[in-house]
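Spelled out, the chains give:
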Amino acid sequence: MAGLSIERVSKRFGEHTAVDALSLDIAPGEFVALLGPSGCGKTTMLRMLAGFESLSAGEIRLGGRTLASHERQLPPEQRNMAMVFQSYALWPHMSVADNVGYPLKLRRVSGEVYRQRLAQALELVGLSSYAERSPQDLSGGQRQRVALARCLVTDPDVVLLDEPLANLDRHLRASMEQSFRDFHRRTRATLVYVTHDQGEAMALADRIAVMRDGRLEQWATPETLYRQPRTAWVAGFIGQGSLLYAAAGEPGVRLEEADLMRGLAAVVAERTQPLLVRPEHISVLADAPSGQGLPAWVEGGTFRGERYELHLRLASGEALLAYHPVALDEGQPVEVVLREGWCLERDSQ
Amino acid sequence: MASGLTASGQQRWLLTLLMVTIVALSLVPSLRLLLEALGDLAQGSESPLWRVLQAESTWRAVWRSLYTSGLGMLIALLLGSLFAFVITLTDIRGKAWLVFCFMLPMMIPPQVTALSWLQLFGPASPLLKSIGMAPPLGSPQPLYSAEGIALLLGIQSAPLVFLALRTSLLSLPRELVEAARISGARQSQVWGQIILPVTRGGLGAGGAMAFISSLGNFGIPAMLGIPAGYYVLPTLIYQRMASFGTGVLAEMASLSLLIGVLALVGVALQQAWMKRSRFGLVGHSGRAHDFSLGHWRGGVTALLVALLLAILVAPLAALVVSSLVPAVGVPLNLETVTLNAYHEVIGRQGATWRAVRNSLWLSGGAALLLMLCSLPLAYRVQRLPPRWQSLALSAIELPYALPGVVLAVACILLFVRPVPLVNVALYGTLGLIFVAYLARFLVVCLKPVAAGLGQLDPSLEEAAQLAGAGPWRRLAGIVLPLVAPALFAGGLLVFLLAVNELTVSALLWSAGNETLGVLIFNLAEGGESVLAAALSVLVVAMVAALMLCLSLLAKHLPKGVIPWQG
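Residues numbered from 1 in each chain as written. Chains lettered and ligands numbered in written order. Predicted model: local features only at pLDDT ≥ 70, side-chain atom pairs only at ≥ 80, totals over all residues. Heavy atoms only, no water.

- As recorded by an unreviewed UniProt entry, chain B carries the name Iron(III) transport system permease protein and is attributed to Franzmannia pantelleriensis.
- We quote the UniProt Sequence similarities (unreviewed entry) comment for chain B here in full: "Belongs to the binding-protein-dependent transport system permease family." (UniProt positions renumbered as here; feature names shortened; annotations may be inferred.)

- Labelled according to an unreviewed UniProt entry, chain A appears under the name Carbohydrate ABC transporter ATP-binding protein, CUT1 family, originating from Franzmannia pantelleriensis.

Right, dumping it as structure tokens:
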């Protein structure tokens with residue numbers, strides 16, 4: 001197993017810079033997600049890893065081997081990688097078994113070893129009885145699993161996944177997420193997973209690279225991304241929460257209740273530090289004013305089953321999202337107590 | 001509201017009437033032919049069909065047709081797939097020019113192709129004489145042979161293979177190739193194990209189209225085969241008609257039926273093949289796959305350019321050289337070079353002007369009339385249930401799918417006597433050729449329009465309807481402007497094909513009513529190859545100019561309307 005390192009990689013299409021000096025160090029066996037809205041350059045980055053796109057600058061290395069640099073790049077077939085495509089890319093003129101076995105044939109594996117590894121791969125994705133079917137006869141989830149089996153049959157160094165769940169319905173997604181986790185646990189291959197769905201990334205990945213306009217916004221574990229987002233943009237992209245300004249703290253600091261409430265009570269001109277407050281850290285006091293919290297009123301509420309999401313408006317005019325066990329009337333005055341907040345860097349854009 | 005209903009009802013009836021009439025008229029020639037060929041079966045072994053089937057000459061011609069077309073198809077497959085694969089899949093430079101030059105032979109009339117090749121080889125070749133490489137007098141012309149015919153048929157129909165294969169290559173999802181690359185397949189393996197199997201439908205279809213088109217080709221076997229006494233089915237019919245006139249019509253109908261059946265079997269095989277190898281392909285398509293040729297690029301480019309030099313430039317150069325010498329057999333040099341042939345063709349030959357005028361009238365008139373019919377026809381056909389729609393389109397396509405001689409014989413059968421009721425005699429007039437052109441080229445004009453209509457979002461028309469536009473207003477104000485480029489392109493294609501048409505006109509012309517295609521053919525047949533060459537040079541220049549015009553239109557047209565632009 002070898003680690004994958006991406007060093008200041010850029011990709012320009014004419015005037016447009018799709019990927020801008022991106023650097024990532026991926027440990028062997030790590031499950032990594034590239035996350036960002038569409039057009040952020042994540043798929044371009046993946047295609048550069050695979051070798052389908054050339055680099056405008058920078059270098060990609062796998063272990064000690066340079067896969068690609070500005071001058072030279074290894075063709076995809078020599079990288080010992082595998083990829084699951086959004087459209088599955090199963091060859092329509094081959095059976096399921098032939099699709100899965102094709103990478104083995106290319107590596108001149110034949111005879112008993114071939115049959116054994118093919119059977120193993122099909123077994124792993126639970127498609128042993130479908131070996132002789134044509135890919136057209138399979139459902140979306142089954143096709144996805146064929147594509148997965150094709151990836152694992154050769155023990156690739158790196159497996160690339162390009163929005164593999166985008167074409168599936170919600171129920172299938174949950175079970176496929178489980179398949180990916182199993183797949184990773186058994187193979188311990190390095191996985192690079194591209195998605196625009198933060199839920200998917202948070203559920204699957206060991207570490208997530210959040211991308212925006214071709215640049216890396218933050219590179220961290222899901223927990224860190226959720227608890228300690230670097231910028232307001234990342235905070236807005238991952239999970240729910242509200243952006244407030246306080247006269248306390250500095251970027252990268254957690255404010256506890258006392259400091260936070262004091263900082264929020266200051267006059268507007270002094271409240272310059274942006275901070276993120278997650279709804280689970282807000283207590284809503286719906287009863288008569290007690291003077292403990294900040295005054296606010298209810299602008300609306302959404303029923304979410306286990307609780308209500310309340311859209312509140314503070315006296316300062318800032319919006320605030322909170323959870324509450326019961327519904328409240330529109331326009332009802334309440335008080336809120338904020339138990340903690342995370343200070344963000346000021347957004348450059 | 002009531003008036004709106006009647007207007008739309010009236011429009012529907014008018015359109016339906018138009019459609020039914022056109023579809024019926026498209027079927028009439030084939031039915032008349034069938035009637036003639038099968039009509040006298042009761043006479044038993046004396047019936048024309050039976051006599052034709054028993055004649056040795058028939059089966060010899062069938063075999064020769066199959067042999068030349070089959071060999072031609074193989075050559076077309078070889079050339080067409082080489083160009084399609086290289087131009088569509090690799091990073092070769094100058095793709096647009098390569099495509100244009102490769103497509104040009106398809107648009108050059110076959111008798112001109114044959115003439116130019118004849119000028120390239122043989123002891124009398126002005127080009128070979130000029131560079132001192134002509135074989136000695138009396139040595140045979142290598143092209144007067146089955147293989148010569150097949151070679152030219154192959155070159156003429158190679159663009160059909162190219163187009164069919166290019167279409168299926170462009171619809172090949174990029175991911176299928178990338179998945180193979182990342183599985184560890186080299187470029188050559190990807191090509192052999194993924195691309196070729198997945199696009200075999202396009203390859204098969206292209207091959208079948210090349211075969212059918214070669215089977216119906218008249219100009220090439222006429223120019224190369226008749227001097228050698230090598231008759232294929234279309235030339236056999238032509239020769240019999242030329243010698244015996246309308247007296248042998250019943251037998252000619254039977255022969256036409258035979259060749260028509262052969263062509264339709266080809267069409268059926270092609271469609272069965274397409275159906276069998278059609279895959280539901282998903283993924284991003286429409287983009288060429290950039291196989292990098294690396295250091296091979298220079299070599300591959302040189303190969304393609306050399307092939308184009310051999311199949312296009314050399315024969316055309318021979319044609320130009322032939323048109324500049326004072327007489328056949330004189331080498332071209334600074335003393336002999338002369339424009340006399342052009343003076344003769346343009347200035348003195350009354351027949352030239354007459355033929356040019358006839359051809360321009362015929363093709364211009366056909367193009368205009370077909371443009372007028374195509375929009376309402378396509379509009380109505382598009383609103384048919386899918387089953388009826390494909391039936392109607394097949395009926396309209398029939399006169400174009402069948403070899404030209406078949407349509408010509410059918411038209412003679414239909415109009416040899418004055419048309420009943422109106423009592424107009426068309427036989428022996430330009431009118432007969434005009435009617436035949438209308439039947440043959442309707443589908444050429446209709447297809448781009450139908451493609452354009454198919455791309456229109458129905459909501460555009462619905463919005464106009466809600467805004468209060470009646471049916472005719474919508475057709476004129478919304479639909480027409482949006483499909484106008486496609487309509488215009490269809491008309492231009494009809495003009496391009498009709499102005500050089502030979503197969504149908506060769507059987508239908510009469511003194512004073514010759515067309516441009518017939519004139520070139522007659523000049524070449526009569527040994528006036530210098531004059532024929534001069535006229536051919538002018539025709540090729542016109543074809544190339546018209547093709548360039550269409551290319552300039554291309555960006556306003558739906559994809560696939562212009563044959564030589566993917």
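Back to the text.
Things to note about the overall build of chain B
Item 1. A count of helical and extended segments in chain B gives 24 helices and 0 strands.
Item 2. The globule rule puts the C-alpha radius of gyration for 566 residues at 24 Å, and the 25 Å found for chain B is close to it.
Item 3. In terms of overall dimensions, chain B has a C-alpha envelope of 80 × 70 × 50 Å along the principal axes.
Item 4. Put simply, 80% of the contacts in chain B that link residues at least 6 apart link residues at least 24 apart.
Item 5. As displayed, chain B offers around 24,400 Å² of accessible surface, 68% of which is attributable to carbon and sulfur atoms. (Helix = DSSP H or I, 4+ residues; strand = E, 2+ residues; numbered from the N terminus. Rg over C-alpha atoms; globule rule 2.2 N^0.38 Å. Contact = heavy atoms within 4.5 Å. Areas by Shrake-Rupley, 256 points an atom, 1.4 Å probe, with all protein chains shown as cover.)

What about the pairing of strand β8 (residues 190-195) of chain A?
All names here are of chain A.
Item 1. With 6 of 6 residues buried, β8 is to be regarded as a mostly interior element.
Item 2. Residues T190, V192 and V194 line one face of β8 and the alternating positions L191, Y193 and T195 line the opposite face, and both faces are buried.
Item 3. Bridging between strand β3 (residues 31-35) and β8 involves 5 bridges; their strand directions are parallel. Counterpart to F31 in the pairing with β8 is L191.
Item 4. Where strand β7 (residues 158-162) meets β8, 5 bridges bridge the pair, whose relative direction is parallel. Across the sheet, the residue bridging to V159 is L191, located in β8.
Item 5. Running through helix α5 (residues 170-187), the crossover from β7 to the neighbouring parallel element β8 is right-handed. (Buried < 20%, exposed > 50% of the residue type's maximum accessible area, 1.4 Å probe, protein only. Pairing = 2+ DSSP bridges. Right-handed = clockwise from strand over helix to strand, strands pointing away.)

Observations concerning the pairing of strand β9 (residues 207-212) of chain A
Residue and element names in this part refer to chain A.
Item 1. The element β9 is extensively covered by neighbouring structure, given that 5 of its 6 residues are classed as buried.
Item 2. The pairing of β3 with β9 spans 4 bridges and is parallel. When the bridges of β9 are listed, L34 appears paired with A209.
Item 3. Sheet analysis places β9 next to strand β10 (residues 215-220), joined by 5 bridges and oriented antiparallel. By the bridge assignment for β10, V210 is matched with Q218.

Structural notes on helix α9 (residues 257-265) of chain A
Residue and element names in this part refer to chain A.
Item 1. Of the positions making up α9, those classed as buried are L260, M261, G263 and L264. Buried positions in α9, seen along its axis, are confined to an arc of 160° and lie on one side of it. Away from the buried face of α9 by more than 90 degrees, exposed residues R262 and A265 are located.
Item 2. The secondary structure elements touched by the buried residues of α9 are β11 (242-246), β12 (254-256), β13 (273-277), β15 (294-303), β18 (333-338) and β19 (340-343). (Arc of directions from axis to C-beta.)

A few points about the domain arrangement of chain A
All names here are of chain A.
Item 1. For chain A, the domain assignment lists domain 1 (4-232) and domain 2 (240-343).
Item 2. Counting from both sides, the interface comprises 6 residues of domain 1 and, opposite them, 6 residues of domain 2.
Item 3. It is Y226, Q228 and P229 in domain 1 that bury the most area against domain 2; as a group they hold 71% of the surface buried on that side.
Item 4. Counting every contact that joins domain 1 to domain 2 gives 0 salt bridges.
Item 5. There are 4 residue pairs in polar contact (both at pLDDT 80 or more) connecting domain 1 and domain 2.
Item 6. Take the side of domain 1 that touches domain 2: its biggest share by element is 3 residues, from helix α7 (residues 222-227). (Domains from an automatic or database assignment. Buried area = accessible area lost by both parts, 1.4 Å probe. Salt bridge = Lys/Arg side-chain N within 4 Å of Asp/Glu carboxyl O. Polar contact = N/O pair within 3.5 Å; in protein donor to acceptor, adjacent residues only side chain to side chain.)

Some remarks on the packing of aromatic side chains
All names here are of chain A.
Item 1. Under the defined criterion, the tally for this structure stands at 16 aromatic pairs over all chains.
Item 2. On the basis of an interplanar angle of 80° and a centroid distance of 5.8 Å, the ring pair of F180 and Y193 is categorised as edge-to-face. Linking F180 in helix α5 with Y193 in strand β8, this pair joins segments that are 13 residues apart in sequence.
Item 3. For F180, a relative accessible area of 0% translates into the label buried. (Phe/Tyr/Trp six-rings, centres within 6.5 Å; stacked < 30°, edge-to-face > 60°.)

Description of the interface of chain A and chain B
Item 1. Taken together, the 24 residues of chain A in the interface contact 23 residues of chain B.
Item 2. Of the roughly 2,100 Å² buried between chain A and chain B, counting both surfaces, carbon and sulfur atoms make up 62%.
Item 3. With its nearest N and O atoms 2.6 Å apart, the salt bridge here joins R181(B) to E77(A).
Item 4. Viewed at the interface, chain B and chain A are joined by 7 residue pairs in polar contact (both at pLDDT 80 or more).
Item 5. Residue assignment for the side of chain A that touches chain B shows that the elements contributing at least two residues are α1 (42-50), β6 (81-84) and α2 (96-106) of chain A.
Item 6. Each residue belonging to the side of chain A that touches chain B can be placed in one class, and the counts come to 17 nonpolar, 3 polar and 4 charged. (Nonpolar A, V, L, I, M, F, W, Y, C, P; charged D, E, K, R; others polar.)

Comments concerning the nonpolar core
Item 1. Counting residues in each nonpolar core, the largest one holds 213 residues, and the members touching the most others are L4(A), M45(A) and L160(A).
Item 2. Looking at this core element by element, the count peaks at 14 residues for helix α24 (residues 529-553) of chain B.
Item 3. Setting aside chain neighbours within four positions, we find M45(A) in contact with I6(A), V9(A), V19(A), L22(A), L34(A) and I60(A).
Item 4. A33(A), V109(A), I208(A) and I238(A) belong to the second largest nonpolar core, which has 48 residues in total. (Core = buried A, V, L, I, M, F, W, Y, C linked by side-chain atoms within 4.5 Å.)

Topic: the sheet that holds strand β2 (residues 16-26) of chain A
Residue and element names in this part refer to chain A.
Item 1. Reading across the sheet, the 4 strands line up as β2-β1-β4-β5 and stay open at both edges, with antiparallel pairing between neighbours. Both edges of this open sheet fall to β2 and β5 (65-69), since each of them pairs with a single strand only. Within this sheet the neighbouring strands show an average axis-to-axis angle of 20°, counted without direction.
Item 2. Each of β1 (4-13), β2 and β4 (57-62) touches α1; the most contacted strand, β1, lies at about 115° to it. (Axes fitted to C-alpha atoms, helices over the stretch in contact; angles between N-to-C directions.)

A few points about the sheet that holds β13(A)
Residues and elements named next belong to chain A.
Item 1. Spatially, 4 strands are ordered β11-β13-β19-β12 in an open sheet, and the strand pairing comes out antiparallel. For this open sheet the edge positions go to β11 and β12, each flanked by a neighbour on one side alone. Strand after strand, the sheet turns through a mean of 35° between neighbouring axes, direction not considered.
Item 2. Where β12 lies against β19, 3 bridges are found, and the strand directions are antiparallel. Note on β19: the bridge partner recorded for E256 is E340.
Item 3. Along the sheet, α9 contacts β11, β12, β13 and β19; its crossing angle with β12, the most-contacted strand, is approximately 90°.

Comments concerning helix α8 (residues 174-182) of chain B
Item 1. Counting buried residues along α8(B), 9 of its 9 residues qualify, which places the element largely inside the surrounding structure.
Item 2. Of the positions making up α8(B), those classed as buried are R174(B), E175(B), L176(B), V177(B), E178(B), A179(B), A180(B), R181(B) and I182(B).
Item 3. Against α1, β6, α2, α4 (140-152) and β7 of chain A together with α9 (187-198) of chain B lie the buried residues of α8(B).
Item 4. G184(B) lies just past α8(B) and shows a positive phi near 110°.

Focus on the UniProt feature "domain: ABC transmembrane type-1" (unreviewed entry) in chain B
Item 1. Residues annotated in UniProt with the feature "domain: ABC transmembrane type-1" (unreviewed entry) correspond here to residues 62-270 and 356-548 of chain B.
Item 2. Each end of residues 356-548 of chain B is marked by a C-alpha atom, and these two atoms are 21 Å apart; helix forms 80% of the span and strand 0%.

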